[in-house]
Amino acid sequence: MSGRHSLSFVELFRATPAKSALLTLAPLSLALGQVCNSYVNGVSPAVSITFAIIMVGFSVVAMGHHAAEHRVQRLETEYGF
């Protein structure tokens, strides 16, 4: 395996679809739901936008961790550890 090889979302979703969906789709849908809820109920958009930014950040960090975990498992399988 040469150098740094970054996994694409498609590779991660094919390898572990349930975990990848939970780490990407669930936080993003929560963020969108909170923004819509704020709009419908007349709550300050600052609160919902802050929540949405935090959830998107969580999703990015969690998927990075998931990609690293998948690379380690693939290397362990490949080299027999």
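All values derive from a computational prediction rather than experimental measurement.

A. Broad picture of the pattern of salt bridges. One pass over the structure, following the stated rule, counts one salt bridge. The partner of E69 in a salt bridge is K19, with the nearest N and O atoms 2.7 Å apart. In this pair, E69 is assigned in helix α3 (residues 45-79) and K19 in helix α2 (residues 17-41), connecting sequence segments 50 residues apart. E69 gets classed as partly exposed once you look at its relative accessible area, which sits at 30%.

B. Here's a closer look at the UniProt feature "transmembrane region" (unreviewed entry) in the protein chain. Taken from the UniProt record, the annotation "transmembrane region" (unreviewed entry) applies to residues 43-64. Between the end C-alpha atoms of residues 43-64 there is a gap of 32 Å, over a span that is 91% helix and 0% strand.

C. Representation of the nonpolar core in the model. Counting five residues, the largest nonpolar core consists of L12, L23, A62, M63 and A67. No other element matches α3, which puts three residues into this core.

D. Local environment of the packing of α2 against α3. Orientation of α2 relative to α3, taken along the N-to-C sense of each, is 175 degrees, at an axis distance of 9 Å. Judged by the inter-axis angle, α2 sits roughly antiparallel to α3. Residues K19, S20, L23, T24, P27, L28, L30, A31, Q34, V35 and S38 of α2 pack against P45, S48, F51, A52, M55, V56, F58, S59, A62, M63, H66 and E69 of α3.

E. Main features of α2. In this model, α2 (25 residues) spans 34 Å end to end at C-alpha, consistent with the 36 Å of a helix rising 1.5 Å per residue. Largest kink in α2: about 25 degrees, centred on L25, with the proline P27 one to four residues after it. When we look at burial in α2, the residues that qualify are S20, L23, T24, P27, A31 and S38. On the buried face of α2, the contacting elements are α1 (9-15) and α3. The positive-phi residue at the C-terminal boundary of α2 is G42, with phi of around 70 degrees.

F. Molecular detail of a nonpolar patch on the surface. Taken together, the side chains of L28, V56 and V60 present a nonpolar region at the surface, about 250 Å² in accessible area. Along the chain, V60 falls in helix α3. Assessed through its relative accessible area of 58%, V60 is described here as exposed.

G. Just the environment of K19, in detail. When its relative accessible area of 36% is taken as the criterion, K19 is described as partly exposed. Measuring from C-alpha to C-alpha, the distance between K19 and M63 comes to 9.5 Å, with 44 residues separating the pair along the chain. With residues near it in sequence (within four places) discarded, K19 still touches H66 and E69. Here E69 takes part through its side chain, which lies 2.7 Å from a polar atom of the side chain of K19.

What counts as what
- Residues numbered from 1 in each chain as written.
- Predicted model: local features only at pLDDT ≥ 70, side-chain atom pairs only at ≥ 80, totals over all residues.
- Heavy atoms only, no water.
- Salt bridge = Lys/Arg side-chain N within 4 Å of Asp/Glu carboxyl O.
- Helix = DSSP H or I, 4+ residues; strand = E, 2+ residues; numbered from the N terminus.
- Buried < 20%, exposed > 50% of the residue type's maximum accessible area, 1.4 Å probe, protein only.
- UniProt positions renumbered as here; feature names shortened; annotations may be inferred.
- Core = buried A, V, L, I, M, F, W, Y, C linked by side-chain atoms within 4.5 Å.
- Axes fitted to C-alpha atoms, helices over the stretch in contact; angles between N-to-C directions.
- Parallel < 35°, antiparallel > 145°, perpendicular 65-115°, else oblique.
- Contact = heavy atoms within 4.5 Å.
- Expected span 1.5 Å × (residues − 1).
- Bend = angle between axes of the 7 residues up to and from the residue.
- Patch = residues over 30% accessible without salt bridge, like charges linked within 9 Å, V, L, I, M, F, W, Y side chains within 5 Å.
- Areas by Shrake-Rupley, 256 points an atom, 1.4 Å probe, with all protein chains shown as cover.
- Polar contact = N/O pair within 3.5 Å; in protein donor to acceptor, adjacent residues only side chain to side chain.

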